[in-house]
Amino acid sequence: MPDIRPTVGSGALVLNATYEPLCVVSVRRAAILVLSAKAVCVADGEGILHSARNALPVPSVVRLTRFVRVPYRTHVGLSRRAIFARDGWRCAYCRGPAETIDHVFPRSRGGRHAWENVVAACARCNHTKGDKTPAELGWRLPAPPTAPKGIAWRVLGHRAPDPRWADWLDLREPEAA
Ligand SMILES: [Zn+2]
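Residues numbered from 1 in each chain as written. Predicted model: local features only at pLDDT ≥ 70, side-chain atom pairs only at ≥ 80, totals over all residues. Heavy atoms only, no water.

- Per an unreviewed UniProt entry, the recorded name for the protein is HNH endonuclease, and the organism is Micromonospora endophytica.

Take a look at the structure:
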């Protein structure tokens, strides 16, 4: 078992054998994949990991040596953290720090709990808005809310990407239907 003391909170991007990004795992898990020849390191992070017999650079991106078939997830789960991440932790109405989730068309009036009807909001705007619609208050959203799209969202969720992963996580990828 390698003695691994990576940077706190660091992770490694795992690519399928086809270079398709799959997920993010701990650096420790990525190192074990490399040491057991289940993956090869394709981009190094910072530092060296030492085990009893080996020293290897901290892996930042690893590629599986064998193709794995994974169920293709096209929808990003609707969670509080994911909504905040999509909206940049800013209130959709006043751009202040967001603390709450607001249903644009109020739930009390049949509004859905869906990506297209939720925004991050500060407590004050949320309270002021109550069970009214933005139109009834003369408020405007900067853009209609939509579900996050693209491979980076599927792989990362609310996580911030490591700049070293940029080559494999094309943020401009068009939506896969
Ligand atoms: Zn606000």
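## Examining the overall build of the protein
Next up, step 1: When its secondary structure is counted, the protein shows five helices and six strands.
Next up, step 2: In the protein, the succession of α and β elements from N to C terminus is β-β-α-β-β-α-β-β-α-α-α.
Next up, step 3: Contacts in the protein between residues at least 24 apart in sequence constitute 58% of all its contacts with a sequence separation of at least 6.
Next up, step 4: Summed over its atoms, the accessible surface of the protein is roughly 10,700 Å², and 55% of this surface lies on carbon and sulfur atoms. (Helix = DSSP H or I, 4+ residues; strand = E, 2+ residues; numbered from the N terminus. Contact = heavy atoms within 4.5 Å. Areas by Shrake-Rupley, 256 points an atom, 1.4 Å probe, with all protein chains shown as cover.)

## Things to note about the packing of aromatic side chains
Next up, step 1: A full pass over the atoms with the stated rule returns one aromatic pair.
Next up, step 2: A ring pair is formed by Tyr-93 and Trp-139, whose centres lie 5.0 Å apart and whose planes are at 50°; its orientation type is tilted. On the criterion of sequence distance, the pair formed by Tyr-93 in the loop between helix 2 (80-86) and strand 5 (100-103) and Trp-139 in the loop between helix 4 (134-137) and helix 5 (151-156) is long-range, its members being 46 residues apart.
Next up, step 3: Given the relative accessible area of 14%, Tyr-93 is considered buried.
Next up, step 4: Note that Arg-109 overlies the ring of Phe-105, its terminal NZ or CZ placed 5.6 Å from the centroid. (Phe/Tyr/Trp six-rings, centres within 6.5 Å; stacked < 30°, edge-to-face > 60°. Buried < 20%, exposed > 50% of the residue type's maximum accessible area, 1.4 Å probe, protein only. Lys NZ or Arg CZ within 6 Å of the ring centre and 35° of its normal.)

## Some points on the coordination of the zinc ion
Each pair of donors in an ideal octahedron of six around a metal sits at 90 or 180 degrees, and each pair in an ideal tetrahedron of four sits at 109.5 degrees.
Next up, step 1: Coordination of the zinc ion by the protein comes from Cys-91 (SG), Cys-94 (SG), Cys-122 (SG) and Cys-125 (SG), over a distance range of 2.3 Å.
Next up, step 2: When the donors of the zinc ion are listed by position in the chain, the intervening gaps give C-x2-C-x27-C-x2-C. Placement of Cys-94 in the loop between helix 2 and strand 5 and of Cys-122 in the loop between strand 6 (118-121) and helix 3 (123-129) is noted, with a sequence separation of 28 residues between them.
Next up, step 3: Owing to a relative accessible area of 9%, Cys-122 belongs among the buried residues under this scheme. (Donors = N, O, S within 2.8 Å, 3.2 Å for Na, K, Ca; no water.)

## Remarks on the pattern of salt bridges
Next up, step 1: What the rule picks out here adds up to six salt bridges.
Next up, step 2: One salt bridge connects Lys-129 with Asp-102, and the closest N-O pair in it is separated by 3.1 Å. Of this pair, Lys-129 sits in helix 3 while Asp-102 sits in strand 5, placing them 27 residues apart in sequence.
Next up, step 3: The exposure class assigned to Asp-102 is buried, which follows from its relative accessible area of 3%.
Next up, step 4: Ionic contacts of the salt-bridge type, sharing partners, join the residues Glu-46, Asp-162 and Arg-164 into one network. (Salt bridge = Lys/Arg side-chain N within 4 Å of Asp/Glu carboxyl O.)

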